[in-house]
Amino acid sequence: MAVEDRTGRALKREVLDLLVHADLDQCIRALLLFPARKVINPLFSLLLHHDEAIRWRAVTAFGAVVSNLADQDKESARVIMRRLMWSLNDESGGIGWGAPEAMAEIIARNDAMAGEFGAVFVSYMDPEGNFLEYPPLQRGLLWGMARLAEVRPASVASAIEYMEPYLESADPTIRGLAALVAGRLAARDLRPTMERLLGDEAEFAVFHDYRFESHTVGKLAQQGIALLEERG
């Protein structure tokens, strides 16, 4: 049956099956053969899946599909980015689960999207901008910042001025990722705050390179400080 002829429910099952059973690179290659307009809705719904591993695989696949779409039809990719942004707006009536992560993955993978939406992504850290107040969303935001600070630091360099409160967050995932971001962005003025985290043994998991990695806040603070030292 052609993709165009499948029901939404059948297509969602097929996309889910790929995310569950396929190697993630193979999954992405398979999804890129689908019309993007057909697989975006299933991927949107899978950003809310109860299984954390599936949610994160959906984030990765979402980024790849929209990046590929942007190379062919930039306006359609912009529409999807605006849909993610709307989901983070109070007026949407929802919470926007997975939206910061998906936005970051798109920006990480695509030059054009980075140029247009990097500053928008930073604005979610800005108390005077599109600030995300809810800590679970801030976790996704900081994960996205860490992703972008690793592969496209210039696109989020302005985040440095908003970073310190995240280093002092009560949430260990937020403060640990903030320390890593500060190092990747060479935020030397934040070193004293980063050093205060070196003994922080709070643990959390981070999705990186297609797998979950266990870290402590202190370990990521140490990595961040090492990056500062490498860059003089």
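How each quantity is defined
Residues numbered from 1 in each chain as written. Predicted model: local features only at pLDDT ≥ 70, side-chain atom pairs only at ≥ 80, totals over all residues. Heavy atoms only, no water. Helix = DSSP H or I, 4+ residues; strand = E, 2+ residues; numbered from the N terminus. Rg over C-alpha atoms; globule rule 2.2 N^0.38 Å. Buried < 20%, exposed > 50% of the residue type's maximum accessible area, 1.4 Å probe, protein only. Areas by Shrake-Rupley, 256 points an atom, 1.4 Å probe, with all protein chains shown as cover. Lys, Arg positive; Asp, Glu negative; His and termini not counted. Charge placed at Lys NZ, Arg CZ, Asp CG, Glu CD. Core = buried A, V, L, I, M, F, W, Y, C linked by side-chain atoms within 4.5 Å. Contact = heavy atoms within 4.5 Å. 1 Å grid on protein atoms, 1.4 Å probe; cavity = no way out; pocket = protein on both sides within 12 Å on 5 of 7 lines; lining within 4 Å. Points joined across faces, edges and corners; volume = space filled by probe spheres on them. Nonpolar A, V, L, I, M, F, W, Y, C, P; charged D, E, K, R; others polar. Phe/Tyr/Trp six-rings, centres within 6.5 Å; stacked < 30°, edge-to-face > 60°. Polar contact = N/O pair within 3.5 Å; in protein donor to acceptor, adjacent residues only side chain to side chain.

If you tally the helices and strands in the protein chain, you get 12 helices and 2 strands. In sequence order, the protein chain lays out its α and β elements as α-α-α-α-α-α-α-α-α-α-α-β-β-α. Computed over its C-alpha atoms, the radius of gyration of the protein chain comes to 18 Å, within 12% of the 17 Å expected for a compact globule of 232 residues. The 232 residues of the protein chain split such that 52% are buried. Accessible surface computed for the protein chain: about 11100 Å², of which carbon and sulfur atoms make up 48%. Side chains of the protein chain carry 25 positive and 34 negative charges; the gap between the two charge centres is 6 Å.

Attention now moves to the nonpolar core. Membership of the largest hydrophobic core comes to 83 residues, with the highest contact counts inside it found for Phe 62 and Met 163. Take this core: its biggest share by element is 11 residues, from helix α4 (residues 52–72). Residues in contact with Phe 62, not counting those within four places in the same chain, are Ile 40, Leu 43, Phe 44, Leu 47, Ile 80, Leu 84, Ala 102 and Ile 106.

Attention now goes to helix α6 (residues 99–109). Within α6, 10 of the 11 residues are buried, which leaves it mostly tucked inside the rest of the structure. Residues of α6 that are buried in the fold lie against α4, α5 (74–87), α7 (111–123) and α8 (135–151).

On to the layout of surface pockets, then. Its boundaries defined by the atoms lining it, the largest pocket holds a volume of some 410 Å³. Lining the largest pocket are 20 residues, and of these Glu 52, Arg 55, Trp 56, Glu 101 and Arg 139 lie nearest its centre. Among the secondary structure elements, those contributing two or more residues to the lining of the largest pocket are α4, α6, α8, α10 (172–184) and β1 (203–208). In terms of residue count, the dominant contributor to the lining of the largest pocket is α8 (5 residues). Its residues placed into classes, the lining of the largest pocket shows 13 nonpolar, 3 polar and 4 charged.

So, about the packing of aromatic side chains. Inspection of every chain in the model, using the stated rule, returns 5 aromatic pairs. Taken together, a centroid distance of 5.5 Å and an interplanar angle of 20 degrees make the contact between Trp 56 and Phe 207 stacked. Separated by 151 residues along the polypeptide, Trp 56 in helix α4 and Phe 207 in strand β1 bring together distant segments of the chain. Grouping residues by exposure puts Trp 56 and Phe 207 together as buried. Their ring planes at 65 degrees and their centres at 5.3 Å tell us that Phe 207 and Phe 212 sit as a pair that is edge-to-face.

It is worth spelling out the side chain of His 215 at this point. Relative to the assigned elements, His 215 resides in strand β2 (residues 211–216). Here the side chain of His 215 touches Glu 213 through a polar contact of 3.2 Å, side chain to side chain. The contact partners of His 215, leaving out residues within four places of it in the chain, are Ala 202, Glu 203, Phe 204, Val 206, Leu 220 and Gln 223.

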